[in-house]
Amino acid sequence: MTSSNGPSADASARPGAGGVGGYGTVADRNLLPDRVWTLPNALSVLRLLGVPLFLWLLLGPQADGWAVVVLMVSGATDWADGALARSLGQSSRLGALLDPAADRLYIVATLVAFVLRDVVPLWLVAALVGRELVLGLALLVLRAHGYPPLQVHYLGKAATFILLYAFPLLLLADGAGPVASVVAPVAWALTIWGSALYLLAGVLYVVQVVGLVRAERAAGSPP
């Protein structure tokens, strides 16, 4: 890091900057406008504000129906902020950070609530929360080398999409009666597939971080 811009300023010209297996890019997010007051960002903030409400509904009054409504609104705003950012030309660095942050917070909040209510086993929660901790360390490594956070990969978005559909079904499956019996296999199938993809996306993220660091070291080493 020899300047205030750091390696991220010319990341696209470096070996490995194009990603590992097509897993995101480094430069794309850095080239986005530095906007704050946009409609997509407002929707992302709204999603973030819904996280504590969602968690309280699950753990306080255990109003699962209203918790599902909050989750559905979150999913709708997740789609809307991306669509509006593209159609209105309001993509921004802040939005690129808020969107995945909101997704992760909803997933972690749901997992914490589920394990406290014995809806899912502890090992599943430990695996998914551990993934977030590893990615947090990977972000620190990127920052130490002057890189911005990597672009969100479609595999991670697909996994998040599946998990956010699986969670309401898990609530239904946790009850009694014929509906719970019918929903349970679907809920657990989505949970297993979503969790596997979520972990795989985390592995690919770490692989790309390692590739970037190795490429930087190789480029800086004497011939």
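Not measured: the values here are computed from a predicted model. (Residues numbered from 1 in each chain as written. Predicted model: local features only at pLDDT ≥ 70, side-chain atom pairs only at ≥ 80, totals over all residues. Heavy atoms only, no water.)

*Asks:* Could you give an account of the UniProt feature "transmembrane region" (unreviewed entry) in the chain, with specific residues and numbers?
*Replies:* According to UniProt, the "transmembrane region" (unreviewed entry) feature falls on residues 39-59, 122-142, 154-173 and 185-207. Across residues 39-59 one finds 100% helix and 0% strand; the C-alpha atoms that close the span lie 31 Å apart. Here residues 154-173 runs as 100% helix and 0% strand, with 28 Å between its end C-alpha atoms. (UniProt positions renumbered as here; feature names shortened; annotations may be inferred. Helix = DSSP H or I, 4+ residues; strand = E, 2+ residues; numbered from the N terminus.)

*Asks:* Go over the packing of aromatic side chains, please, and point to the residues and values.
*Replies:* Counting across every chain of the model gives three aromatic pairs. When the centroid spacing of 5.6 Å and the interplanar angle of 85° are considered together, the rings of Phe114 and Phe167 count as edge-to-face. One end of the pair, Phe114, is in helix α4 (residues 93-116); the other, Phe167, is in helix α6 (residues 154-173), with 53 residues separating them in the sequence. Each member of the pair, Phe114 as well as Phe167, carries the same accessibility label: buried. In this structure, Arg131 packs its charged tip against the face of Tyr198, placed 3.7 Å from the ring centre. (Phe/Tyr/Trp six-rings, centres within 6.5 Å; stacked < 30°, edge-to-face > 60°. Buried < 20%, exposed > 50% of the residue type's maximum accessible area, 1.4 Å probe, protein only. Lys NZ or Arg CZ within 6 Å of the ring centre and 35° of its normal.)

*Asks:* Let's hear about a nonpolar patch on the surface: which residues, and what values?
*Replies:* Where nonpolar side chains cluster on the molecular surface, the patch consists of Leu59, Val112 and Leu116 and spans about 250 Å² of accessible area. Turning to its location among the elements, Val112 is positioned in helix α4. We classify Val112 as partly exposed; its relative accessible area is 35%. (Patch = residues over 30% accessible without salt bridge, like charges linked within 9 Å, V, L, I, M, F, W, Y side chains within 5 Å. Areas by Shrake-Rupley, 256 points an atom, 1.4 Å probe, with all protein chains shown as cover. Salt bridge = Lys/Arg side-chain N within 4 Å of Asp/Glu carboxyl O.)

*Asks:* Which residues make up helix α5 (residues 122-144), and what values go with them?
*Replies:* Taking 1.5 Å per residue as the helical rise, α5 with its 23 residues ought to reach 33 Å, and the 33 Å between its terminal C-alpha atoms agrees with that figure. Of the positions making up α5, those classed as buried are Leu124, Val125, Leu128, Arg131, Glu132, Leu135, Ala138 and Leu142. Trailing α5 by a residue or two, Gly146 shows a phi angle of about 85°, which is positive. (Expected span 1.5 Å × (residues − 1).)

*Asks:* Run through the environment of Tyr154, naming residues and quoting values.
*Replies:* By the element assignment, Tyr154 lies in helix α6. Assessed through its relative accessible area of 61%, Tyr154 is described here as exposed. Along the chain, Tyr154 and Ala201 lie 47 residues apart, while their C-alpha atoms are 8.8 Å from each other.

*Asks:* Residue-level account of the packing of helix α3 (residues 64-88) against α6, with values.
*Replies:* A pair of packed helices is captured by two measures, namely the crossing angle of their axes and the spacing between those axes. Relative orientation of the contacting elements α3 and α6 amounts to 160°, with a least axis distance of 10 Å. Between α3 and α6, the crossing angle belongs to the class labelled roughly antiparallel. Every pair of crossing elements has a handedness; the one defined by α3 and α6 is left-handed. Contacts between α3 and α6 involve Asp64, Val68, Leu71 and Asp78 from the former and Lys157, Leu164, Phe167, Pro168 and Leu171 from the latter. (Axes fitted to C-alpha atoms, helices over the stretch in contact; angles between N-to-C directions. Parallel < 35°, antiparallel > 145°, perpendicular 65-115°, else oblique. Left-handed = near helix turned anticlockwise from the far one by under 90°. Contact = heavy atoms within 4.5 Å.)

*Asks:* Give a detailed account of unusual backbone geometry, specifying residues and quantitative values.
*Replies:* Its identity is not glycine, yet Gln62 carries a phi of approximately 50°, on the positive side. Along the chain, the position of Gln62 falls in the loop between α2 (39-59) and α3. On the basis of relative accessible area, Gln62 is assigned to the partly exposed category, the value being 44%.

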